Amino acid sequence: MTMDPILKEIKALREQINHHNYLYYILNQPSISDAEYDRFFKQLVELEKKYPEFLAPDSPTQRVGAPLESLGKTVLHDLPMLSLDNAFSEEEALEFDKRVRKVIQREEIEYVVEPKYDGVSSSLVYENGLFTRGSTRGDGFRGEDITGNLRTIQTIPLRLRKMPGLEGSDAPFPRHIEIRGEVLIPKEVFKEINRIQAENGLPIFANPRNSASGSLRQLDPAITARRNLHFYAWGTGKVEGARFHSQIGLLNQLKEWGFRVSPEMTLCPSIEAAVQKHHQIETGRKEMTFDIDGVVIKVNKIDDQQKLGETARHPRWGLAYKFKPMQMTTRILKIEVQVGRTGILTPVAILEPVEIGGVTVSRATLHTEGEMLEKNVLVGDTVFVERAGDVIPEVIKPVVEKRTGQETPFHMPLECPVCHAAVEKEGAYLFCINLSCPAQIQGKIVHLCSRKGFDIAGLGKKKVDQLYENGLLKNLSDIFYLKSKKDELVRLPGWEEKSTQNLIEQIEKSKRISFSRFLYSLSIRGIGSSVGKILSQHFGSLDRLENGAQEELTGIFGIGPELANNIVHFFYEERNRETIARILKAGVQIEYEAVPVKGIWAGKKVVITGTFKSHSREELTEKIEKEGGEVTSSVSSKTHFILAGENPGSKLDKARALEVRVLSEEEFLEMVKE
Ligand code: IVH
């Protein structure tokens, strides 16, 4: 009997869509544009609506089902989901290898190293290739049935991809297979969810794992679907109708079936190589789209794994080798108040020094008075301190159980701790109102000299402080008059003739500066480099900006009322006008960028990633900027497009997680041509 032509069309569309999902989500190599994909999808939705008799549970249109009445239905795992033994040092990893070799009786053992994902461990059952049941790990024996929510995750195939010639079987899929892995939420999405939670007055999640778990335990799968969760597979449970010979072979097969496995997974010939891989992954940890807290080292050969067996709690063939923790506890010795370049007063905890992730931390920010009060942090408290990548360490919360009664509250001062001028409250922040406050001036000078400003590398914080203390830099504009003070400079300790001359030349060279960088350098509250660019493009000249009305500013895309107010205020202040005039008098020339009247990229933020066949990155950047667009380096929820070339890396993952429109090189060129 021949197949109904409509059903044939529907099946072909489903196959197309599944194939493109695989290229997009698993291989990271989309071959069609989002618009084309949407067209296929719509076509399928319409056909299925017209011919409901052909609807199927594994259709890509059937990911989001009806809400549940309640959660709490539990399922018994066919095989218990054990946990892994932990190691925190190289010695412990070598000990593990020793134990393995003793049982296996071989000199060198092959290991697979995978990231240890910090997410929600889940189990997916496939019967003859069809996803039939999904659950959480629970207590290892019994988990919660969350099939409906797991179905919404794009990186969980509703049907395994067909693969000819599966090892040890004639059928394309095993009769029954339970796939295990971790549900994760990208770090960026986590931040965004918390922003929205806070905006709506809802409690925020403590970490990505909690927010992934919360997202999976929703009654309405439509909410889960919006959370952009991902599933990374790391192993199997009960399998019938297939056999695997190695962990690496298993992971590769899982990828073929349509699952994401980490690109970091590596087959290592020895424990030494595995340890090295651990260090390498730890170094690159902050670049990863997801949180990981270590690596898992697994004996590669399945026969060896079986020989090793397991204890009641964990397998003897695997080890979780953790990274250095990024959160530690220590004591607050005292709280100091720091004054920033824009006058903001920040409470800073001075800590008993503690090593966090390989760095000794002795100061951590408390952000604002409000946060300090909300977290209920007292001087003398033992507190959790977290260091996340490059950001300033912060105090998370006190360990209340460790209080002795000797702890004391801290109150923000009523006057600036540096210049003793009055302090004013604006929103959540306290400000020193004195524009001549030494802390503000020194901070502003350092900022003006920074890379994104005038880029005077020879004037870092130490040198600026020294010149300020010696009365050679009293104002931002003094930098550009240092040339006439060379004799005084070379008399200072550490200022040799040659390096001083170099600095003077650097300053002279820096005097030609783009308008956006010039604006950035002035330390106007809220103006970073991207706002600097927006303002320079809109106003085109300093004169126009200085006289710009608040209404005009507020009307610009990307400038809110508070920022507009700061700008107007800044130029209203006589001494700011004087400083600018003195800078210009010293010979600083602002180069005005041509203002695009109406470019095709006007007002759009674009991120470029990967390598391109037709143009260099600089050329692409130029094309976008010429047409009014802005090229930024990191992807955020404000990014409009990501232009992805070959080997795009983690920025593309982040963009996808945030649902940023992805443009291929070809699509981009097509748009530019138009
Ligand atoms: S293999 C018998 N591989 O860590 C358990 N687990 O402490 C074998 N995990 O419950 C687990 N990433 O949720 C394995 N690449 C990975 C993992 C991983 C994260 C979690 C998993 C497990 C826990 C074990």
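Okay, so let's go over this structure.

**Describing the site of the ligand**
Among the 14 residues in the neighbourhood of the ligand, the closest are listed as Leu-84, Glu-114, Ser-121, Glu-182 and Lys-298. A distance of 3.0 Å separates an oxygen atom of the ligand from a polar side-chain atom of Ser-121. In the environment of the ligand, an oxygen atom lies 2.9 Å from a nitrogen or oxygen atom belonging to the side chain of Glu-182. Taken by itself the ligand offers 510 Å² of open surface, and the protein chains cover 90% of this.

**Some details on the sheet that holds strand S11 (residues 318-322)**
Each strand in a sheet pairs with another by means of backbone hydrogen bonds, the pair being arranged parallel or else antiparallel. The strand order S2-S11-S10-S3-S9 describes an open sheet built from five strands, whose pairing is mixed. If you trace the sheet from one side to the other, it starts and ends with strand S2 (85-87) and strand S9 (266-268), each paired once. Put simply, the sheet's adjacent strands are angled 35° from each other on average, direction ignored. Relative to S9, strand S3 (residues 111-117) runs antiparallel, the two sharing three bridges.

**Remarks on the pairing of S11**
Of all the five residues making up S11, five are buried; the element is thus mostly covered by neighbouring parts of the structure. Of the two faces of S11, the one holding Gly-318, Ala-320 and Lys-322 and the one holding Leu-319 and Tyr-321 are both buried throughout. Alignment of S2 against S11, held across three bridges, turns out to be parallel. Opposite Asp-85, over in S11, you have Leu-319 as the bridge partner. Of the pairings in the sheet, the one linking strand S10 (residues 292-299) to S11 comprises five bridges and is antiparallel in character. Bridge pairing links Gly-294 to Lys-322 in S11.

**Re the nonpolar core**
In this structure, Tyr-126, Leu-150, Ile-179, Phe-231, Leu-254, Trp-257 and Phe-259 are the most contacted members of the largest nonpolar core, which totals 47 residues. Looking at which element gives the most residues to this core, the answer is helix H8 (residues 247-257), with five residues. Apart from residues no more than four positions distant in its own chain, Leu-254 is found in contact with Ile-179, Ala-233, Gly-235, Phe-259 and Val-261. Core analysis: the next-biggest nonpolar cluster, separate from the first, contains 46 residues, Ile-445, Leu-476, Ile-513 and Ile-583 among them.

**Examining the packing of helix H1 (residues 5-26) against helix H2 (residues 34-50)**
Remark: H1 packs on H2, axes separated minimally by 10 Å, with the N-to-C direction vectors making an angle of 145°. In terms of crossing hand, the pair formed by H1 and H2 is left-handed. Contacts between H1 and H2 involve Ile-6, Glu-9, Ile-10, Leu-13, Arg-14, Gln-16, Ile-17, His-20, Asn-21 and Tyr-24 on the former and, on the latter, Asp-34, Tyr-37, Phe-40, Phe-41, Gln-43, Leu-44, Leu-47 and Glu-48. Per-class residue counts for the contact of H1 with H2 are 10 nonpolar, four polar and four charged.

What counts, and where the lines are drawn
- Residues numbered from 1 in each chain as written.
- Predicted model: local features only at pLDDT ≥ 70, side-chain atom pairs only at ≥ 80, totals over all residues.
- Heavy atoms only, no water.
- Near = heavy atom within 4 Å.
- Polar contact = N/O pair within 3.5 Å; in protein donor to acceptor, adjacent residues only side chain to side chain.
- Areas by Shrake-Rupley, 256 points an atom, 1.4 Å probe, with all protein chains shown as cover.
- Pairing = 2+ DSSP bridges.
- Helix = DSSP H or I, 4+ residues; strand = E, 2+ residues; numbered from the N terminus.
- Axes fitted to C-alpha atoms, helices over the stretch in contact; angles between N-to-C directions.
- Buried < 20%, exposed > 50% of the residue type's maximum accessible area, 1.4 Å probe, protein only.
- Core = buried A, V, L, I, M, F, W, Y, C linked by side-chain atoms within 4.5 Å.
- Contact = heavy atoms within 4.5 Å.
- Left-handed = near helix turned anticlockwise from the far one by under 90°.
- Nonpolar A, V, L, I, M, F, W, Y, C, P; charged D, E, K, R; others polar.

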